[in-house]
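Close look at the chain arrangement
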Amino acid sequence: MREGAHPGRIAAYPAQDLSLEATRAIGRLCRDTRRRVGRKSTTREPIIQEPEPLEPEATRRDAGVTESSRANRGWWDRNADEYQIEHGTFLGDDRFVWGPEGLDEVEAELLGPPEDLKGKDVLEIGAGAAQCSRWLAAQGARPVALDLSHRQLQHALRIGGGVPLVEADAGALPFADGSFDLACSAYGALPFVADPVRVLREVRRVLRPGGRFVFSVTHPIRWAFPDEPGPEGLSISASYFDRTPYVEQDEEGRAVYVEHHRTIGDRVRDVVAGGFRLVDLVEPEWPAWNTQEWGGWSPLRGNLIPGTAIFVCERD
Ligand SMILES: C[S@@+](CC[C@H](N)C(=O)[O-])C[C@H]1O[C@@H](n2cnc3c(N)ncnc32)[C@H](O)[C@@H]1O
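Residues numbered from 1 in each chain as written. Predicted model: local features only at pLDDT ≥ 70, side-chain atom pairs only at ≥ 80, totals over all residues.

As recorded in an unreviewed UniProt entry, the protein chain goes by Class I SAM-dependent methyltransferase and comes from Streptomyces lutosisoli.

See below:
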């Protein structure tokens, strides 16, 4: 769940100052800074010390586990501010939204009835600012919010709520076997990793017997279409079967953002190889109330083709 266009470099920020107002100011600063590049600064304007880097090149090429992880950590650290400014209101500080369609766990109950969450240990993977974990805590669950990106977790701290935060890669979970009753992930980690089976095996390991893992990803069919919200996003432009990762790379050829495509069949096989049973595969329909676009997700496309796939998995 990201914007189609790479937003560019985020200016340096004071780590301790993360009030929403300061964050908005950072967002404005970034945009203004981009506009100002090339102009002489006055004493009252922020001093620009480096030239704006070139826009990364978007390509399709292989990207392994380490390269994908490093690229995505950097991308989410640089872009967390803009992400939260742009999508924070839609996500809500303490709602559990599965994707841009706005499917809410309150109505979906994919983790089970909310009253059954009380007292459950829940791991949220790729938690971002931990909005879902905050909702889980409000139901009486004991969530832990894990993310690769330090800056995303700083936003979790800014919003508050006392959810325990862990900075780690989903491919190497720093928890003992059988630590959680449930795990969940709303577009966290799985779209970005080169080896999803490794993540699934890790999640299975830290779940107790009978545990459930529910995760959402971009619906695989979307990979056959341009990532555009308008009519241009409705004509097939690539093979659905082409698993070559989407990579944005800098002028040295270093990946700065990576997304991995799996077909529906691949995802089902991954779930099974990870040691789970697939209990349900939910394709949320675009609801009439949602008039908001999110990158390539829009009412126009959402009414015609699925945008999100949610896998409901259980371990024995
Ligand atoms: C689209 S955001 C989703 C965040 C949150 N669930 C939401 O809906 O806003 C994806 C998140 O996954 C995190 N992420 C990406 N790769 C990861 C990995 N390998 N391990 C853990 N988190 C990862 C990113 O840092 C980012 O915060």
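After presenting the structure, the write-up continues.
**Some remarks on the overall build of the protein chain**
Helix and strand counts for the protein chain come out as eight helices and ten strands. When the 316 residues of the protein chain are sorted by exposure, 41% land in the buried category. Intrachain contacts of the protein chain at a sequence separation of at least 6 include 71% that bridge at least 24 residues. (Helix = DSSP H or I, 4+ residues; strand = E, 2+ residues; numbered from the N terminus. Buried ≥ 20, exposed ≤ 12 C-beta atoms within 10 Å, placed from the backbone. Contact = placed C-beta atoms within 7 Å.)

**Some remarks on the sheet that holds strand β3 (residues 142–147)**
With mixed pairing, seven strands are arranged side by side in an open sheet as β4-β3-β2-β5-β6-β10-β9. With one partner strand each, in any of the chains shown, β4 (165–167) and β9 (277–282) form the two edges of the open sheet. For this sheet, the mean angle separating the axes of adjacent strands, direction not counted, is 20 degrees. Both strand β6 (residues 207–218) and strand β10 (residues 308–314) contribute to a ladder of seven bridges, which runs antiparallel. Bridge assignment links Ser-216 to a residue of β10, and that residue is Ile-310. Sheet contacts for helix α4 (residues 131–138): β2 (121–125), β3 and β5 (180–186); angle to β3, the most-contacted strand, approximately 175 degrees. Of the strands in this sheet, β2, β5 and β6 touch helix α6 (residues 196–206), which is tilted by about 145 degrees from β6. (Pairing = 2+ DSSP bridges. Axes fitted to C-alpha atoms, helices over the stretch in contact; angles between N-to-C directions.)

**Structural notes on the nonpolar core**
One finds Ala-183 and Cys-184 to be the most contacted residues of the largest nonpolar core, which totals 64 residues. The element best represented in this core is helix α2 (residues 65–91), accounting for six residues. (Core = buried A, V, L, I, M, F, W, Y, C linked by C-beta atoms within 7 Å.)

**Focus on the site of the ligand**
Around the ligand lies a shell of 22 residues, among which Trp-76, Gly-126, Gly-128, Ser-149 and Ala-170 are the nearest. Take the shell around the ligand: its biggest share by element is four residues, from α2. Residues that form the shell around the ligand fall into these classes: eleven nonpolar, eight polar and three charged. (Near = placed C-beta within 6 Å. Nonpolar A, V, L, I, M, F, W, Y, C, P; charged D, E, K, R; others polar.)

**Examining unusual backbone geometry**
A positive phi angle is found at Ala-130, which is not glycine, with a value near 65 degrees. Take Ala-130: it is sitting in the loop between β2 and α4. The backbone of Ala-189 sits at a positive phi, close to 70 degrees, despite the residue not being glycine. Turning to its location among the elements, Ala-189 is positioned in the loop between β5 and α6.

**As for the packing of α6 against helix α7 (residues 264–273)**
Packing of α6 against α7 brings their axes to within 8 Å, and their N-to-C directions diverge by 40 degrees. When the axes of α6 and α7 are compared, the pair comes out oblique. Crossing of α6 against α7: the hand is right-handed. Judged by residue contacts, Pro-196, Val-197 and Leu-200 of α6 engage Asp-270, Val-271 and Ala-273 from α7. In the contact of α6 with α7, the residues fall into five nonpolar, no polar and one charged. (Parallel < 35°, antiparallel > 145°, perpendicular 65-115°, else oblique. Left-handed = near helix turned anticlockwise from the far one by under 90°.)

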